[in-house]
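Each chain is listed here by its residues.
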Amino acid sequence: MKKEMLSGKIKRRDFIKTAAAATTAGVLAPYVHRGHAQLNNSDELRIALLGAGSQGQVLMNACLKIKDIRFAAVCDIWEAYNQRRATRILQKYGHDVTPYLDYRDMLAREKNLDGVLIATPDFWHADHTVGCLESGLHVYCEKEMSNTLEQARRMVKTARKTGKLLQIGHQRRSNPRYLHCYHKLIKEAQILGKLTSINGQWNRSVQPDLGWPRKYAIPPAVLRRYGFQSMHQFRNWRWFKGLGGGPIVDLGSHQIDIFNWFVQGLPHAVMASGGTDYYDKATHEWYDTVMAIYEYKTPAGAIRAYYQTLTTNSSEGYFENFLGDEGTLHISESAGRGGMYREPSSPSWEKWVEMGYLVAPEPADLTASTAVLDVRETIAPPEHELPVVFNDPYHKPHLQNFFNSIRGLETLNCDHDHGYETAVAVLKVNDAVQAGRRLVFDPKEFKV
Ligand SMILES: NC(=O)c1ccc[n+]([C@@H]2O[C@H](COP(=O)([O-])OP(=O)(O)OC[C@H]3O[C@@H](n4cnc5c(N)ncnc54)[C@H](O)[C@@H]3O)[C@@H](O)[C@H]2O)c1
């Protein structure tokens, strides 16, 4: 495969930028749906942030760039640090927020909220989501929906019972580049031909355990009340069984969600190999290395999808490749990556270039691709670039989709049912590692 493709070519031509705004608008317009309950008064939505750690603050910062969003409350058990920091930032931006330690107090006192953004550790998602939905609030809950399917089912049932919206934070589903690839290239143009395989990965370098400023440590009794044994566990919850799901859930869930979306189906079986090979098992209960293979059975035939997450080496970073008999789509949330590669024998893509769905390779690339390097090697096809450039915060369109759905202007791009399907597919990888064998999904497993 072409070297630039794997290394994520960061090359943007000026004319793509000019075309981007128009194309993005064109991509998004057809997916606007109407019909949800209308708001009574102004367009302003009053929201709370529940969990103001690193991701909560990413969501908060994205919301500060969205019109008509007013924060009214921040809830976080780390009073002296994250709660205080988020409250100060919001106050600096003119939001009159009340800080809370316990979400039940917040729900008891805040009577004018429209929605809540939940970015607490995975094992808290179900209690927080159910509590908020039952208080009449719409919920944006970060992925993974929950660390257990039993709890995730509780979330789905409560969303259905209350009729409130539940968006799960698989934000690529609202990303204009992914929307373009799905709606225009895969569905409409069927540009890959017959999709036969997928590979994706998230590789990252060795990282030290997360620490904390000692003077801001949470008292042990408070930690225990909220399910943590120590400050170390509180900061590094992702690695602990019962709290998170390890890197395959933390990182892989985003990309496996895209596998299902672009395949327009759900996996039939999964096999996986993994283990805590590098880190200390006492503090890294979940696997630091996982390699999984999903099998899909679609009406068009079988698709095999490989996914790996490494936490000891960052080679090639993170991306998803969709490989069909007529071409390859290389896509990543990383804004500088993305491109299409036509198989030499497949029909011309000129039509799609003329329609603005792709940007043709530069003549220099075409010349380079005809050079024979080695007779045994397949010559890498030239890269067609994607015409959509997206430079906003990655989570902003998904949040906007949530807010516009509350306003009745759109429908959710990742509602509780999609979130649940992805949780079923992803959590099964850890089961397959543990079982040491191929596990078959019962289609009923994906339904609540
Ligand atoms: N969508 C994405 O790209 C993305 C990226 C990173 C993290 N996440 C998700 O966001 C969530 C949070 O991850 P993070 O990296 O911010 O973790 P974090 O540990 O940095 O932050 C969690 C915050 O929740 C608070 N908290 C813990 N228990 C609480 C409780 N019971 N009530 C109130 N506050 C509580 C903590 O004090 C902390 O401030 C996770 O579900 C994670 O999977 C999503």
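Cut-offs applied
Residues numbered from 1 in each chain as written. Predicted model: local features only at pLDDT ≥ 70, side-chain atom pairs only at ≥ 80, totals over all residues. Pairing = 2+ DSSP bridges. Helix = DSSP H or I, 4+ residues; strand = E, 2+ residues; numbered from the N terminus. Contact = placed C-beta atoms within 7 Å. Axes fitted to C-alpha atoms, helices over the stretch in contact; angles between N-to-C directions. Parallel < 35°, antiparallel > 145°, perpendicular 65-115°, else oblique. Left-handed = near helix turned anticlockwise from the far one by under 90°. Expected span 1.5 Å × (residues − 1). Buried ≥ 20, exposed ≤ 12 C-beta atoms within 10 Å, placed from the backbone. Arc of directions from axis to C-beta. Near = placed C-beta within 6 Å. Nonpolar A, V, L, I, M, F, W, Y, C, P; charged D, E, K, R; others polar. Core = buried A, V, L, I, M, F, W, Y, C linked by C-beta atoms within 7 Å. Domains from an automatic or database assignment.

> Explanation requested: the sheet that holds strand E9 (residues 289-298) in the structure shown.
Taking strand neighbours across the sheet as the criterion, the 9 strands line up as E14-E13-E12-E11-E7-E10-E9-E8-E15 in an open arrangement whose pairing is mixed. A single partner strand is all that each edge strand has here, and the edge strands are strand E14 (383-384) and strand E15 (439-440). When strand E11 (residues 318-324) meets strand E12 (residues 327-331), the two strands line up antiparallel, connected through 4 bridges. By the bridge assignment, Phe-322 is partnered in E12 with Leu-329. Relative to the sheet, helix H8 (residues 176-188) contacts E12 and strand E13 (338-342), its axis offset from that of E12 by approximately 160°.

> Looking at this structure, how should I read the packing of helix H12 (residues 252-263) against helix H16 (residues 416-435)?
When two helices pack together, their arrangement is given by the angle between the helix axes and the distance between those axes. Contact pair H12 / H16: the axes reach a minimum separation of 9 Å and the direction vectors enclose 115°. When the axis of H12 is compared with that of H16, the two are roughly perpendicular. Note on packing geometry: the crossing formed by H12 with H16 is right-handed. Seen from H12, the contacting residues are Gly-252, Ser-253, Ile-256, Asp-257 and Asn-260; seen from H16, they are Glu-421, Thr-422, Ala-425 and Val-426.

> Looking at this structure, how should I read helix H7 (residues 149-162)?
Since one α-helical turn is 3.6 residues long, residues separated by three or four positions face the same way. For H7, built from 14 residues, the straight-helix expectation of 20 Å at 1.5 Å per residue is met to within 8% by its first-to-last C-alpha distance of 20 Å. Listing the buried residues of H7 in full gives Ala-152, Met-155, Val-156, Thr-158 and Ala-159. One side of H7 holds all its buried residues, which, seen down the axis, span an arc of 165°. Every exposed residue of H7 that faces more than 90 degrees away from the buried side is listed here: Glu-150 and Lys-161. Against the buried residues of H7 lie helix H6 (125-134), strand E6 (166-168) and H16. In the stretch just after H7, Gly-163 is the one whose phi turns positive, near 75°.

> I tried to follow the site of the ligand on my own but got confused; where do I start?
Around the ligand sit 25 residues in total, of which Gly-51, Gly-53, Gln-55, Trp-78 and Glu-142 are the nearest. In terms of residues, the shell around the ligand owes the most to one element, helix H3 (residues 54-63), which gives 3 residues. Per-class residue counts for the shell around the ligand are 10 nonpolar, 9 polar and 6 charged.

> Is there a simple way to explain the sheet that holds strand E3 (residues 98-100) in this structure?
In a beta sheet, neighbouring strands are held together by backbone hydrogen bonds and run either parallel or antiparallel to one another. The parallel open sheet is built from 6 strands, whose spatial order is E3-E2-E1-E4-E5-E6. Among the strands making up the open sheet, the edge pair consists of E3 and E6. Averaged over all neighbouring strand pairs, the angle between strand axes comes to 25°, with direction disregarded.

> How should I be thinking about the environment of Glu-326 in this particular structure?
Mapped onto the secondary structure, Glu-326 falls in the loop between E11 and E12. By the C-beta count within 10 Å, which is 17 here, Glu-326 ends up partly exposed. In the structure, Glu-326 is positioned 135 residues away from Ile-191 in sequence and 7.0 Å away in space, judged by C-alpha atoms. Residue contacts for Glu-326: discarding those within four places in its chain leaves Ile-191, Leu-192, Gly-193, Arg-342, Glu-343 and Ser-346.

> Would you take a moment to explain the nonpolar core for this structure?
Formed by 113 residues in total, the largest nonpolar core has its most connected members in Ala-48, Leu-49, Val-116, Leu-117, Val-139, Ala-292 and Val-429. Per-element tally for this core: the top contributor is H16, with 9 residues. Structurally, this core is a two-domain feature, drawing no fewer than three residues from each of domain 1 (3-29 + 173-391 + 416-446) and domain 2 (31-171). Ignoring any residue separated from it by four or fewer positions in sequence, one finds Val-429 in contact with Ile-248, Val-270, Ala-272, Val-290 and Ala-292.

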